[in-house]
Amino acid sequence: MSEAGRVHLPAGSHLLADLSGIEAGRLSDCDELEALLRSAAAAAGARVLHSHFHGFGEGMGVTGVVLLAESHISIHTWPEDGFAAVDIFMCGASQPQTALDVIRTALDPRRCQLNTIRRSAD
């Protein structure tokens, strides 16, 4: 198949964001975090395939992943530290920065340490 006929080329951006200074109550609800990551994926133009989230108990952290046709978005939270680690990898025409912007707006961190990695088969 020609490159022009392929929907998802093996190239994209991988964003690793450490978000700190977040209100603890924003980091412990599985359903809310799943809805947030699904909304972020939609805003970025990505197609959700499946998601799975796990909470570690009342007021404790959450780990979750949204699988995308374009790759994934994951989050790991530590409410007791006001910290969330977010991993966004998207290929094709999707926009990972847009997904991160949605997440940052909702979680409202005081700080964001961002590392961006360009992924490619070349």
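See the structure printed just above.
Quick caveat, the model's predicted, so the values are computed rather than measured. (Residues numbered from 1 in each chain as written. Predicted model: local features only at pLDDT ≥ 70, side-chain atom pairs only at ≥ 80, totals over all residues. Heavy atoms only, no water.)

Asks: Please provide a residue-by-residue account of the overall build of the chain, values included.
Replies: Helix and strand counts for the chain stand at 2 helices and 6 strands. If you list the helices and strands of the chain from N to C, you get β-α-β-β-β-β-α-β. Relative to the compact-globule value of 14 Å for 122 residues, the chain shows a C-alpha radius of gyration of 15 Å, a close match. If you line up the chain on its principal axes, its C-alpha atoms span 50 × 25 × 20 Å. (Helix = DSSP H or I, 4+ residues; strand = E, 2+ residues; numbered from the N terminus. Rg over C-alpha atoms; globule rule 2.2 N^0.38 Å.)

Asks: Give a description of the pairing of strand β3 (residues 62-68) that names residues and reports values.
Replies: Side chains of β3 alternate between two faces, with Val62, Gly64, Val66 and Leu68 buried and Thr63, Val65 and Leu67 left unburied. Relative to β3, strand β2 (residues 48-55) runs antiparallel, the two being bridged by 7 bridges. Residue histidine 50 lies in a different strand from β3, and its bridge partner there is leucine 67. In the sheet, β3 pairs with strand β4 (residues 71-78) via 6 bridges, with the strands oriented antiparallel. In the strand pairing of β4, leucine 67 is matched with histidine 72. Hairpin connection between β3 and β4: a loop of 2 residues separates the two successive antiparallel strands. (Buried < 20%, exposed > 50% of the residue type's maximum accessible area, 1.4 Å probe, protein only. Pairing = 2+ DSSP bridges.)

Asks: Let's hear about the packing of helix α1 (residues 30-43) against helix α2 (residues 96-107): which residues, and what values?
Replies: Direction vectors running N to C along α1 and α2 enclose 145°, while the axes themselves pass 7 Å from each other. Read as a crossing pair, α1 and α2 show a hand that is right-handed. Contacts from Leu33, Leu36, Leu37, Ser39, Ala40 and Ala43 of α1 reach α2 at Thr98, Ala99, Val102, Ile103, Ala106 and Leu107. When the residues that make up the contact of α1 with α2 are grouped by side-chain class, the tally is 10 nonpolar, 2 polar and no charged. (Axes fitted to C-alpha atoms, helices over the stretch in contact; angles between N-to-C directions. Left-handed = near helix turned anticlockwise from the far one by under 90°. Contact = heavy atoms within 4.5 Å. Nonpolar A, V, L, I, M, F, W, Y, C, P; charged D, E, K, R; others polar.)

Asks: Quick one: what's the story with unusual backbone geometry, residue by residue and with numbers?
Replies: The phi angle of most residues is negative, glycine excepted, and most peptide bonds adopt the trans form. Phi at serine 71 takes a positive value of approximately 140°, unusual for a residue other than glycine. Structurally, the position occupied by serine 71 is in strand β4. At aspartate 108, a residue that is not glycine, the phi angle is positive and equals roughly 55°. Note that aspartate 108 resides in the loop between α2 and β6 (111-120).

Asks: I'd like a rundown of α1, residues and numbers included.
Replies: Each α-helix turn comprises 3.6 residues. Residues three or four places apart therefore point the same way. With 14 residues, α1 ought to run about 20 Å at 1.5 Å a step, and its terminal C-alpha atoms sit 20 Å apart, in line with that. Taken residue by residue, α1 has Cys30, Leu33, Leu36, Leu37, Ala40 and Ala41 as its buried positions. Down the axis, α1 shows its buried residues gathered within 135° of arc, on one side only. Of the exposed residues in α1, the ones pointing more than 90 degrees away from its buried face are Asp31, Glu32 and Ala42. Contact partners of the buried residues in α1: β2, β3, β4, β5 (83-91) and α2. The N-cap residue of α1 is aspartate 29: its side-chain oxygen and the backbone nitrogen of aspartate 31 are 3.0 Å apart. Glycine 45 sits one or two residues past α1 and shows a positive phi near 80°. (Expected span 1.5 Å × (residues − 1). Arc of directions from axis to C-beta. Polar contact = N/O pair within 3.5 Å; in protein donor to acceptor, adjacent residues only side chain to side chain.)

Worth remembering: the numbers are spatial, not functional.
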